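# Secondary and tertiary structure notes
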Amino acid sequence: MTASRVLVLNSGSSSVKYQLLDMADSSRLAVGLVERIGEETSRLTHEPLTGPGAAGGKRVTEGPIADHAAALRAVSAELAADGLGLDSPELAAVGHRVVHGGTKFTHPTLIDDAVLAEIRALIPLAPLHNPANVTGIEVARELRPDLPQVAVFDTAFHSTMPEHVARYAIDAATADKYSIRRYGFHGTSHAYVARATARLLGKAEEDVNVIVLHLGNGASASAVHGGVCVETSMGLTPLEGLVMGTRSGDLDPAVVFHLARVGGMSIDEIDSLLNKKSGLLGLCGDNDMREVQRRAEEGDASARLALASYIHRLKKYIGAYSAVLGRVDAVAFTAGVGENSSQIREMALAGLAELGLALDLEANSVRSPEPRLVSAEYARVAVAVVPTDEELEIASQTYALVTG
Ligand code: AMP
């Protein structure tokens, strides 16, 4: 029997998302989520999708889960109850989503002590994310020391950006000393969607230039030239770029000095303001795009402003990346907003006929879980809606590495 299963772990600051996939046919065997780790009200939602447990549907367990180690042990027990445990000989590897790979990690990497130490050393660049990723790796290694563990980095796909794109125009020695540059994030999603878009066009990835718009609660754009990322909107951290659910995206860095000097705010307060209380939430009090759209339709002025600001920033990036790529074959929308909101797609592309962009309004209004083209027949540039699948991409990269 060939081991063909991969467990994908995505450890956040207070959560662990997981999926067990069978790479023989890319099917999902189980999915789940542990939320509110460290609180009294932690919750584990586990859903077996195959075997005898599947008929029972989701199982929800509530009660305190102290830390990530306890969370992973609980996940392991749930999987074992369905005969899908970490001890299964069919498990080929664990794939870990790691948010920051710095300049060191540009490919999926087999984890050993040295690699783990390097990921730990990157914590100052991603203080909110990398610690949880490190714990996830440590616990999974403890549970199955013999099993290959692979780190798949959110930054890796963007590591191909040319130096003059990745560099900020600041003092070079200071930038080098503190590892300050554009890294970019959501890389697994951008990679997956760019490839799926080429497939949708029936072309080789090398022959296609795509602008990928990953519009979820976090949002980022990338310019992908023949399968290679040449520019992306997120920077040193996931704060830069588009207007997001709670993050400001681009702003004059002097806003930070002003808030400190004139507003008397501490660095941590400003960090929290820009990352957690800005974007759509800051502009209108809601970060869920559905709610913003509903309020805007009812004529709410601040929701309309938030929506207009969101759309304006998107258009700016579409224009900028059209210039960066020179020739654009497709614009691809993905993630919660990009996949589900025909209205956002319509607003973002309105008035861009000069760039070769035009929607087929009827095709655009159809909801579907499938990748699809929604551009007008006459349009020079294709518009695609591609549901992203970061877990499948992590599992594929992990499996490819361990089966070499
Ligand atoms: P994600 O981070 O990819 O899970 O995306 C989350 C975002 O997608 C939230 O802001 C949701 O409001 C948004 N979203 C989900 N469904 C829709 C929809 N039908 N219309 C607009 N936004 C949606």
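In this text, all values refer to a predicted model and were calculated from it rather than measured experimentally. (Residues numbered from 1 in each chain as written. Predicted model: local features only at pLDDT ≥ 70, side-chain atom pairs only at ≥ 80, totals over all residues. Heavy atoms only, no water.)

When its secondary structure is counted, the chain shows 15 helices and 14 strands. Relative to the globule expectation of 22 Å for 404 residues, the C-alpha radius of gyration of the chain, 21 Å, shows essentially globular dimensions. Along the first, second and third principal axes, the C-alpha atoms of the chain reach 55 × 55 × 45 Å. Across the 404 residues of the chain, 51% fall into the buried class. The long-range fraction of contacts in the chain, counting pairs at least 24 apart against all pairs at least 6 apart in sequence, stands at 62%. In the structure as shown, the chain presents an accessible area of about 17900 Å², 54% of it carried by carbon and sulfur atoms. Averaged over its 36 positive side-chain charges, the chain has a centre that lies 3 Å from the centre of its 50 negative ones. (Helix = DSSP H or I, 4+ residues; strand = E, 2+ residues; numbered from the N terminus. Rg over C-alpha atoms; globule rule 2.2 N^0.38 Å. Buried < 20%, exposed > 50% of the residue type's maximum accessible area, 1.4 Å probe, protein only. Contact = heavy atoms within 4.5 Å. Areas by Shrake-Rupley, 256 points an atom, 1.4 Å probe, with all protein chains shown as cover. Lys, Arg positive; Asp, Glu negative; His and termini not counted. Charge placed at Lys NZ, Arg CZ, Asp CG, Glu CD.)

As a further point, take the packing of aromatic side chains. Evaluated as defined, the whole model comprises 2 aromatic pairs. On the numbers, 5.6 Å between centres and 85° between planes, the contact of Tyr317 with Tyr321 is edge-to-face. Placement of the pair is Tyr317 and Tyr321 together in helix α11 (residues 301–325), with a separation of 4 residues, close to one helical turn. No difference in accessibility class separates Tyr317 from Tyr321, as the two residues are buried. (Phe/Tyr/Trp six-rings, centres within 6.5 Å; stacked < 30°, edge-to-face > 60°.)

Here the focus is helix α3 (residues 130–143). The end-to-end C-alpha separation of α3 is 20 Å, in line with the 20 Å expected for 14 residues at 1.5 Å each. Turning to α3, its buried residues number three or more, namely Asn130, Ala132, Asn133, Val134, Gly136, Ile137, Val139 and Ala140. In this structure, the buried side of α3 is in contact with β1 (5–11), α1 (68–81), β6 (91–98), α2 (113–121) and β8 (149–153). (Expected span 1.5 Å × (residues − 1).)

Within the structure shown, the criterion is met by 24 salt bridges. The salt bridge partner of Glu393 is Arg195, with a shortest N-O separation of 2.8 Å. In this pair, Glu393 is assigned in helix α15 (residues 390–403) and Arg195 in helix α6 (residues 187–200), connecting sequence segments 198 residues apart. The partly exposed category is assigned to Arg195, whose relative accessible area is 31%. Asp288 is paired through a salt bridge with Arg290; the nearest N and O atoms lie 3.1 Å apart. Bridged by salt links that share partners, the residues Glu163, Arg167, Asp176 and Arg181 form one connected network. (Salt bridge = Lys/Arg side-chain N within 4 Å of Asp/Glu carboxyl O.)

Turning our attention to the site of the ligand. In the vicinity of the ligand lie 13 residues, with Asn217, Asp288, Met289, Gln293 and Gly336 positioned nearest. Between an oxygen atom of the ligand and a side-chain N or O atom of Asp288, the distance comes to 2.3 Å. When residues of the shell around the ligand are traced back to their parent elements, those giving at least two are α10 (289–297) and α12 (335–340). It is α12 that provides the largest number of residues to the shell around the ligand, a total of 4 residues. Grouping the amino acids of the shell around the ligand by side-chain chemistry returns 3 nonpolar, 7 polar and 3 charged. (Near = heavy atom within 4 Å. Polar contact = N/O pair within 3.5 Å; in protein donor to acceptor, adjacent residues only side chain to side chain. Nonpolar A, V, L, I, M, F, W, Y, C, P; charged D, E, K, R; others polar.)

To continue, consider α10. Those residues of α10 lying buried are Met289, Val292, Gln293, Arg295 and Ala296. Buried residues of α10, seen end-on, are gathered within an arc of 165° and therefore sit on one face of the element. In α10, the exposed positions that point more than 90 degrees away from the buried face belong to Arg290 and Glu297. Packing partners of the buried residues in α10 comprise α9 (279–284), α11, α12 and α13 (342–349). Its side-chain oxygen placed 2.9 Å from the backbone nitrogen of Arg290, Asp288 serves as the N-cap of α10. The positive-phi residue at the C-terminal boundary of α10 is Gly299, with phi of around 95°. (Arc of directions from axis to C-beta.)

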